[in-house]
Amino acid sequence: MARPRNICQDAVLDAAEAVVLRAGAARLTLDAVAAQAGISKPTVVYDFRSKHALLKAIIDRRVAREAALLRAAAEAAGEASDASVRAQVAVAAERLPDDVQAVSLQLCSALTQHGDLRESFQLLLHEQVSEIIGNSKQPRLALIAFLAVKGLLALETLGLLAWSEEGRRAVLRDIERLLDQPPDAPSASAAERVPAPLQPPVRTQGERAADYGNQPAALPRVQAGNQRNSNGADHR
């Protein structure tokens, strides 16, 4: 069936983030997103079968955007040692707008309640740490710098600590200086000395189905005129 209206998924996700910013993730509904985007509810349902699917799409888009920013920053770092960690510092130096931070905070409650919403974050972080351990000349210091950057961003997102712009830049400079320390005396393999994180948990098909209202994890797109799921439940 043809799509009821030519509107890109990013526009729907922008509208969803606006609803989350205004009302919170707990009050996100497909009706509210449709109203915010100025489209019909079936248009939203065409791509996002449920509120849960919509939340996952919001989070996955944010993860993809962060990954793209980090790739660009790493390429800009060129041949610098520990370019991937220096990229983390460079991206963190650009403070996120207040509305983006506010949406991130609202999404935290959803992340704690649903394991599948954390998966894309977990995979990205695991890839980043594995790259540091495998390729850094000083993986222990590089890992500490990485964790320091992520800790700084987490504290800011949660609203627990804040710095002036000058103070924030100083903190990030100090973190990056960890990467400029002289190398340790050679001993055992550097990768063997650094603790690797545990693998992200693998969710079962049943757990995934439960997150989507007991629907199968991979469903064909619903017809645009169908506003109810296979169990007869409303897509709110």
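Please read all numbers here as calculations on a predicted model, not as lab measurements.

(A) Helix α5 (residues 83-93), seen in detail. Residues Ala-83, Val-85, Arg-86, Ala-87, Gln-88, Val-89 and Ala-92 constitute the buried set of α5. In this fold, the buried residues of α5 make contact with α4 (51-77), α7 (115-135), α8 (139-157) and α9 (165-177).

(B) Structural context of the pattern of salt bridges. Applying the stated criterion across every chain yields a total of 13 salt bridges. Close ionic contact of Asp-60 with Lys-56 constitutes a salt bridge, the shortest N to O distance being 2.9 Å. Here the residue Asp-60 and the residue Lys-56 both occupy positions in helix α4, the gap between them amounting to four residues, near one helical turn. The class for Asp-60 is partly exposed, based on a relative accessible area of 26%. Arg-86 serves as the salt-bridge partner of Asp-180, at 2.8 Å between the closest nitrogen and oxygen. One end of the pair, Asp-180, is in the loop between α9 and α10 (190-193); the other, Arg-86, is in helix α5, with 94 residues separating them in the sequence. On the basis of relative accessibility, which here comes to 13%, the residue Arg-86 falls in the buried class.

(C) Local environment of unusual backbone geometry. Even without being glycine, Asp-82 reaches a positive phi, approximately 55°. Tracing the sequence through the fold places Asp-82 in the loop between α4 and α5.

About the cut-offs
Residues numbered from 1 in each chain as written. Predicted model: local features only at pLDDT ≥ 70, side-chain atom pairs only at ≥ 80, totals over all residues. Heavy atoms only, no water. Buried < 20%, exposed > 50% of the residue type's maximum accessible area, 1.4 Å probe, protein only. Helix = DSSP H or I, 4+ residues; strand = E, 2+ residues; numbered from the N terminus. Contact = heavy atoms within 4.5 Å. Salt bridge = Lys/Arg side-chain N within 4 Å of Asp/Glu carboxyl O.

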